[in-house]
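Summary of the model geometry
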Amino acid sequence: MKKVLFLLLSFLTLFTAQGQMVNPVKWSSRVEKISDTEFNLVMEAKIEDDWHVYSQFTPENGPLPAEFKFKDAKGNYELIGKVKESPYKKQYNDVFEVDEYYFEKKATFTQKIKITNPNFTTLKASVDYQVCKEVCINQDNTFTFQLPKVTIAETVATPEVTDTISADTAQVAAQESTSTKAATPVNSKPEEQKGLLTIFFLAFLGGLAALLTPCVFPMIPMTVSFFTKHSGTRQKGIANAIFYGVSIILIYVVLGLIIVGVFGAEALNALSTGVAFNIIFFIILVFFAFSFLGAFEIMLPNSWANKVDRQAGKSGVVAIFFMALALAIVSFSCTGPIVGTLLVESASKGGIAPIVGMLGFSSAIALPFMLFALFPTWLNSLPKSGGWMNSVKVSLGFLELAFAFKFLSNADLVLQLHLLEREVFLAIWIAIFGAWALYLFGKITLPHDSPSTHISVGRLSLALLVLSFTVYMIPGLFGAPLKLISAFPPPQTYSESPRGFLGTAVETSKSDLPDGAKVGEHGIITFTDYDKGLAYAKEVNKPVMLDFTGFACVNCRKMEINVWSDEKVLSVLKNDVVLISLYVDDKRELPKEQQYVSKETGKEVVTIGNKWTDFIITRYKTNTQPYYVLTDLKEQKLNEPISYTPNIDDYLAWLKDGISKFK
């Protein structure tokens with residue numbers, strides 16, 4: 001049984017139709033023959049303008065993904081690989097801090113199968129998906145594929161296969177099959193280019209940081225002076241220095257090429273979503289961090305450096321290349337952790353990101369050697385080597401350590417272990433950045449630090465900045481949203497106290513709650529079971545407010561955060577109505593005896609979400625969320641239901657109008 005997906009969707013445009021059935025997606029299907037026993041099942045969606053359907057590969061904490069199910073597979077056919085998609089678009093949601101993978105206009109999904117039972121000719125499949133504009137609709141569609149009878153020369157042993165392909169499984173292993181001819185989903189080019197530019201920029205900054213470490217910085221004047229004094233002419237010295245810089249870039253880019261070549265461009269993206277990936281790289285980054293902090297040094301074998309030095313002692317461009325390689329090897333104790341971190345982060349993006357990352361990093365390393373060769377007088381302006389370089393190295397160690405816990409948090413979220421909930425994560429970060437601030441203030445010293453009687457203005461400024469950031473994070477323990485770092489800690493719903501230690505959740509104890517109720521948003525007593533909520537409304541003689549919502553409904557959350565939080569609206573919801581929130585995307589299965597086939601739609605009602613979807617369609621002839629209905633105790637509407645209404649005054653007027661008609 002899949003876990004309920006607590007995901008959020010994106011900002012969407014205004015949708016004015018209310019109280020009517022909406023069906024913005026039209027499906028068609030066909031069978032494509034590949035060989036005598038292999039076929040492609042093709043499912044195509046035509047999507048109305050301004051509506052979005054979301055990819056099955058949507059990342060964790062992203063929109064609700066499409067989910068495909070294939071029935072009666074065992075003994076009849078094998079699923080080869082996972083469902084493949086046409087190219088989707090990728091867009092960052094700056095309100096909910098998640099990437100959205102979505103289709104507009106049209107989408108094509110393809111599943112390759114191999115028939116193992118020659119008498120099997122009818123295959124049924126289904127898709128559950130959410131389509132959104134301003135309101136969101138949870139829909140499903142059933143496909144019936146007619147297959148020709150096949151001739152199987154030999155009895156094929158059919159391995160155990162799973163009848164359902166869930167979004168969780170597809171997300172982790174979507175790219176593992178190479179036998180299918182269907183195209184692997186890719187992002188739209190503008191978004192992909194934007195992502196690669198971001199990686200290049202961050203990697204470039206990492207290269208600049210590496211320049212300031214004690215392994216690299218002292219090499220700049222030494223190397224440039226060598227080229228300008230031993231090349232015969234200034235022009236030749238400049239040419240040699242430029243070739244030296246190009247060689248540095250080439251060495252690191254080749255490293256990125258090797259990473260992509262070994263793992264595969266698309267396999268890196270699938271790998272990054274796995275638990276094993278995140279745990280392994282948590283360990284690697286902690287290892288790098290301890291190296292930067294001075295616990296030990298990461299060194300490549302001395303024999304490598306000796307062999308390269310012998311080659312560098314020769315003349316010509318080959319010698320210059322080996323000089324660049326020698327720099328990469330000798331400086332590895334400082335650059336290795338940074339390179340490793342960049343490869344981890346770029347690998348998580350997939351594609352050619354590791355190559356782009358290494359290009360950005362190496363460009364920053366190479367640029368000073370080329371610039372100082374062109375303008376040798378600039379060497380006089382360089383600061384002297386000293387203890388400040390170790391401070392830079394240690395500071396990078398603190399950053400590495402903090403970044404490592406993001407990977408561990410990813411693994412914990414996927415496994416839903418609740419070992420690294422929001423408060424624990426923030427406590428760790430507060431401790432790390434607090435220790436960094438104390439180090440910069442000189443209150444903590446580490447093994448390779450030089451004795452100092454004072455701190456520089458620059459170090460003091462950085463210390464104050466880090467301390468301010470540490471203080472900024474503390475309210476997050478008590479429920480503050482921390483928008484500046486919202487992409488790093490777990491979401492507020494993944495917390496020991498989702499509303500904060502001092503939030504409204506502590507106002508009502510469980511023993512005070514009516515049967516079937518819970519404390520919802522802003523401390524509102526909320527029912528998620530219609531019958532129990534209606535029974536309580538009759539007991540207290542209050543009207544019912546039905547809230548048709550979804551875990552992944554962005555505008556439902558916007559209404560709760562921006563409208564329900566208003567003092568006047570909140571007072572009405574707490575005191576004048578009984579709130580029943582019905583989640584149409586709740587994937588928990590109903591008990592077998594409660595499952596049925598809808599008389600309205602003819603579809604199977606298997607999950608709790610199916611039940612409330614059928615309820616809203618049958619009773620109110622709509623399938624949109626959010627959708628609000630005020631009813632009396634005889635379940636009759638008090639006024640016309642409304643959908644997304646961001647204007648507080650309009651929403652409050654609607655509430656008061658309905659309540660005034662309650663008898």
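Scroll up to find the structure this text is about.
Everything quoted here is computed from the prediction, not taken from an experiment.

Focus on the overall build of the chain
- Scanning the chain from N- to C-terminus turns up 18 helices and 18 strands.
- Here the chain, with 663 residues, has 51% of them falling under the buried criterion.
- Within the chain, counting contacts between residues at least 6 apart in sequence, those at least 24 apart form 74% of the total.

A closer look at the sheet that holds strand β12 (residues 517–519)
- In spatial order, the strands read β12-β13-β15-β14-β18; together these five strands make up an open sheet with mixed pairing. The sheet is open, and its two borders are formed by β12 and β18 (627–631), each paired with just one other strand. Taken pair by pair, the neighbouring strands of this sheet meet at an average axis angle of 30°, ignoring direction.
- Alignment of β12 against strand β13 (residues 525–527), held across three bridges, turns out to be antiparallel. Residue alanine 517 lies in a different strand from β13, and its bridge partner there is phenylalanine 527.
- Taken strand by strand, helix α14 (residues 530–540) contacts β13, β14 (544–549) and β15 (578–583), and its axis lies near 175° from that of β15.

Re the environment of proline 148
- Considering the arrangement of structural elements, one finds proline 148 in the loop between β10 (136–146) and β11 (164–165).
- The exposure class assigned to proline 148 is partly exposed, which follows from its relative accessible area of 41%.
- Through-space distance from the C-alpha of proline 148 to that of threonine 122 is 8.8 Å; in sequence the pair is 26 residues apart.

Some words on a nonpolar patch on the surface
- A cluster of nonpolar side chains, namely Ile242, Val246, Leu367, Leu371, Leu374 and Phe375, defines an oily patch on the protein surface of about 430 Å² accessible area.
- Taken together, the elements giving at least two residues each to the nonpolar patch come down to α4 (234–263) and α10 (353–374).
- Mapped onto the elements of the fold, leucine 371 is located in helix α10.
- A relative accessible area of 31% means that leucine 371 is categorised as partly exposed.

Topic: the sheet that holds strand β2 (residues 38–47)
- The antiparallel open sheet is built from four strands, whose spatial order is β1-β2-β8-β5. With partners counted over all chains shown, the strands left at the sheet margins are β1 (25–33) and β5 (77–85), one partner each. Strand-to-strand, the axes of this sheet are offset by a mean angle of 20°, without reference to chain direction.
- In the sheet, β2 pairs with strand β8 (residues 106–115) via nine bridges, with the strands oriented antiparallel. Among the inter-strand pairings, glutamate 44 is bridged to a residue of β8, identified as threonine 108.

Looking at helix α18 (residues 648–660)
- In this model, α18 (13 residues) spans 18 Å end to end at C-alpha, consistent with the 18 Å of a helix rising 1.5 Å per residue.
- Residue asparagine 647 occupies the N-cap position of α18, its side-chain oxygen lying 3.0 Å from the main-chain nitrogen of aspartate 649.

Details of the pairing of β10
- In this sheet, β10 lies alongside strand β9 (residues 122–132) in antiparallel orientation, the contact comprising eleven bridges. By the bridge assignment, aspartate 128 is partnered in β10 with aspartate 140.
- The antiparallel hairpin formed by β9 and β10 contains three residues in its connecting segment.

Some points on helix α17 (residues 608–620)
- Between its first and last C-alpha, α17 extends 18 Å over 13 residues, near the 18 Å set by a 1.5 Å rise per residue.
- Taken residue by residue, α17 has Ile608, Gly609, Trp612, Thr613, Asp614, Phe615, Ile616, Ile617 and Tyr620 as its buried positions.
- Phi turns positive, to about 55°, at lysine 621, one or two residues after α17.

Observations concerning the side chain of serine 126
- Among the secondary structure elements, serine 126 is positioned in strand β9.
- Using a relative accessible area of 13% as the deciding quantity, one classes serine 126 as buried.
- Contact partners of serine 126, with chain neighbours within four places excluded, come to Glu67, Phe68, Lys69, Asn141, Thr142 and Phe143.

Some thoughts on the environment of lysine 637
- Assignment of secondary structure puts lysine 637 in the loop between β18 and α18.
- Lysine 637 sits in the partly exposed class, given a relative accessible area of 44%.
- Here the alpha-carbon distance between lysine 637 and lysine 661, two residues 24 residues apart in the chain, equals 9.8 Å.
- Residues within four places of lysine 637 in sequence aside, it is in contact with Tyr620, Val629, Leu630 and Thr631.

A short note on the pattern of salt bridges
- Taken as a whole and judged by the stated rule, the model has ten salt bridges.
- Glutamate 44 is paired through a salt bridge with arginine 30; the nearest N and O atoms lie 2.9 Å apart. On the criterion of sequence distance, the pair formed by glutamate 44 in strand β2 and arginine 30 in strand β1 is long-range, its members being 14 residues apart.
- On the basis of relative accessibility, which here comes to 27%, the residue glutamate 44 falls in the partly exposed class.

Considerations on unusual backbone geometry
- Note the cis peptide between glutamine 625 and proline 626, where omega equals 0°.
- For proline 626, the position within the fold is in the loop between α17 and β18.
- Although it is not a glycine, lysine 105 adopts a positive phi angle of roughly 75°.
- In this fold, lysine 105 is placed in the loop between β7 (98–103) and β8.
- Residue asparagine 541 is not a glycine yet carries a positive backbone phi of 60°.
- Tracing the chain through its elements places asparagine 541 in the loop between α14 and β14.
- Of the residues examined, asparagine 541 reaches a relative accessible area of 49% and is grouped as partly exposed.

What counts as what
Residues numbered from 1 in each chain as written. Predicted model: local features only at pLDDT ≥ 70, side-chain atom pairs only at ≥ 80, totals over all residues. Heavy atoms only, no water. Helix = DSSP H or I, 4+ residues; strand = E, 2+ residues; numbered from the N terminus. Buried < 20%, exposed > 50% of the residue type's maximum accessible area, 1.4 Å probe, protein only. Contact = heavy atoms within 4.5 Å. Pairing = 2+ DSSP bridges. Axes fitted to C-alpha atoms, helices over the stretch in contact; angles between N-to-C directions. Patch = residues over 30% accessible without salt bridge, like charges linked within 9 Å, V, L, I, M, F, W, Y side chains within 5 Å. Areas by Shrake-Rupley, 256 points an atom, 1.4 Å probe, with all protein chains shown as cover. Salt bridge = Lys/Arg side-chain N within 4 Å of Asp/Glu carboxyl O. Expected span 1.5 Å × (residues − 1). Polar contact = N/O pair within 3.5 Å; in protein donor to acceptor, adjacent residues only side chain to side chain.

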